[in-house]
Amino acid sequence: MRKLILTIIASVVVLMGGTLGMLALASLKKEPAKVEEKELALSVAAVRVSPREIPVAIKGFGEAKALNAVAISPEVSGQVIEIHPNLEVGGVVPMGEILFRIDPRDYQARYDEAKASLSQTEAILKRLETQYATDRERLKTLARTRDLAQTDFQRKKELLEKDQVGTKAGVDAAEQISNQAADGHDLLSQTVAMYPMRIDEARGALDSTRAMMENARANLERTTVTAPFNARVKSVNLERNQYVALGAQVLTLADDSVLEILVSLDSRQARQWLKFSNDAPAGDTAWFGAPEPVTCTVRWTEDREAHCWLGKMVRVAEFAPETRTMTVAVQVMGSDARSNDAAALPLVEGMYCSVEIPGQVIPNAYEIPVGAVTFDNKVYKAVDGRLKSVPVTVAHTQGDSVIVIAGIDAGDLIVTTRLSNPLENSLLDITVEDEPQGNAA
């Protein structure tokens, strides 16, 4: 029993010693220093905006093509005896130079024959006109002779019948002379009456012969085919000594003095921003008026920076309600399609280009980077160093910029850093950038 009591007392003493040791050690521990909690700032870039007049530009794409391309077919048949040395695909033949020549000998002979026939017909007509004038004078003489013979016959007849002067044979002879004179006059009168008709026939024959000669001359000229303009050869199916048939297409030529690009645009954007004149088409034509000939910027899609040209919008070419698109024609003059830079290429047929067309001007608008506007048309402002989202009205998006017409005020600081679901009223660490002053191409 005594041994148990001693064990209990020893245990109590050990526990009390441990407790006193722990308390002593706890009294030696220092209280940790208190740290003040700080709010983390969101680092963003921002731009301070101001309203201004912003010209709208709409962009489309299209392929450059020569405005005029002509298929050449011979107007006469025959053997080709001469072709231009540049008459191959991609070759250029200056205006007026001979493209090819067909053997002219048969056509020269037909022309010479028609020319000789014309000379003969002219001589026949001239002879008829001269004879007509001569016979009309002869007819006057014969009329006088007839009248005198008739008067002599009547006088002799009256003398014989009334005064028994003369003889029956003398009267008969006078009557015979009178009748012969009348017959001669009548025959010549009939001949003279026929002259106008014969002359008209001769003139008709002359016109027909002259037309034949002109046709022969035209066919002779058609044996030589010349370039109607400074022509680029697009296709050729022609060889020297080849026989070509009338109307067979042998060449296709392109006139690169004017290049045209058909640009497809969203019809709603075109309606809203394109500039059209107030002049209606001629007559009662229900079509678009002439667009204002604004200067458009044309860029080759393969190299936008080094290959840039200027053109003019000239007309609306097509409206497609199925796709809600409007196609406009932009023309670039050949002189403007070349470049002063020897390393740059000219604008040529076949180049696929982007075309930027200036439109209306939006007054009192703001231009901000496209990344500053969310998918649901909101922007983030920096207000008193904190983030605030506001809805905006976007008028137009062009290139890397967005034009805003409502929801922003002058002097607002717009966050341009793209944010993903940021907390409203977040603290901001702001880097202010310069305001955009132009539209990205």
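In this text, all values refer to a predicted model and were calculated from it rather than measured experimentally. (Residues numbered from 1 in each chain as written. Predicted model: local features only at pLDDT ≥ 70, side-chain atom pairs only at ≥ 80, totals over all residues. Heavy atoms only, no water.)

### Looking at the overall build of the protein
Looking only at helices and strands, one finds five helices and 19 strands in the protein. Radius of gyration (C-alpha) of the protein: 53 Å, far over the 22 Å computed for a compact globule of 441 residues. Based on the C-alpha atoms only, the size of the protein along its principal axes is roughly 225 × 55 × 50 Å. Sorting the 441 residues of the protein into buried and exposed places 33% on the buried side. Contacts spanning at least 24 positions in sequence make up 75% of the contacts within the protein whose residues lie at least 6 apart. Of the roughly 27,400 Å² of accessible surface on the protein, a fraction of 53% belongs to carbon and sulfur atoms. Within the protein, the 60 negative side-chain charges are centred at a point lying 4 Å from the centre of the 48 positive side-chain charges. (Helix = DSSP H or I, 4+ residues; strand = E, 2+ residues; numbered from the N terminus. Rg over C-alpha atoms; globule rule 2.2 N^0.38 Å. Buried < 20%, exposed > 50% of the residue type's maximum accessible area, 1.4 Å probe, protein only. Contact = heavy atoms within 4.5 Å. Areas by Shrake-Rupley, 256 points an atom, 1.4 Å probe, with all protein chains shown as cover. Lys, Arg positive; Asp, Glu negative; His and termini not counted. Charge placed at Lys NZ, Arg CZ, Asp CG, Glu CD.)

### Some remarks on the pattern of salt bridges
Here the structure, examined in full by the defined rule, presents 22 salt bridges. Measuring nitrogen to oxygen at the nearest pair gives 3.0 Å for the salt bridge that ties arginine 155 to aspartate 152. Separated by three residues within a single helix, arginine 155 and aspartate 152 lie in helix H2 (residues 105–163), roughly one turn from each other. Owing to a relative accessible area of 44%, arginine 155 belongs among the partly exposed residues under this scheme. Judged by relative accessible area, which is 27%, aspartate 152 ranks as partly exposed. Put simply, lysine 156 and aspartate 152 hold a salt bridge, and the shortest N to O gap is 3.6 Å. In this pair, lysine 156 and aspartate 152 are both assigned in helix H2, four residues apart and thus about one turn of the helix distant. On the basis of relative accessible area, lysine 156 is assigned to the partly exposed category, the value being 31%. Taken together, the shared-partner salt bridges connect Arg232, Lys234, Asp256 and Glu349 into one network. (Salt bridge = Lys/Arg side-chain N within 4 Å of Asp/Glu carboxyl O.)

### Focus on the state of the cysteines
Per the counting criterion, the structure on display carries zero disulfides. Cysteine cysteine 308 shares no disulfide, and the gap to the nearest cysteine sulfur, in cysteine 353, comes to 10.0 Å. By relative accessible area, which is 35% here, cysteine 308 ends up partly exposed. The buried category is assigned to cysteine 353, whose relative accessible area is 0%. (Disulfide = S-S within 2.5 Å.)

### Regarding the side chain of arginine 232
Structurally, the position occupied by arginine 232 is in strand E7 (residues 231–236). A distance of 2.5 Å separates polar atoms of two side chains, one belonging to arginine 232 and the other to aspartate 256. For arginine 232, the side chain forms a polar contact with the side chain of glutamate 349, separated by 2.6 Å. Residues within four places of arginine 232 in sequence aside, it is in contact with Ala66, Gly91, Val92, Thr252, Leu253, Ala254, Asp256 and Glu349. (Polar contact = N/O pair within 3.5 Å; in protein donor to acceptor, adjacent residues only side chain to side chain.)

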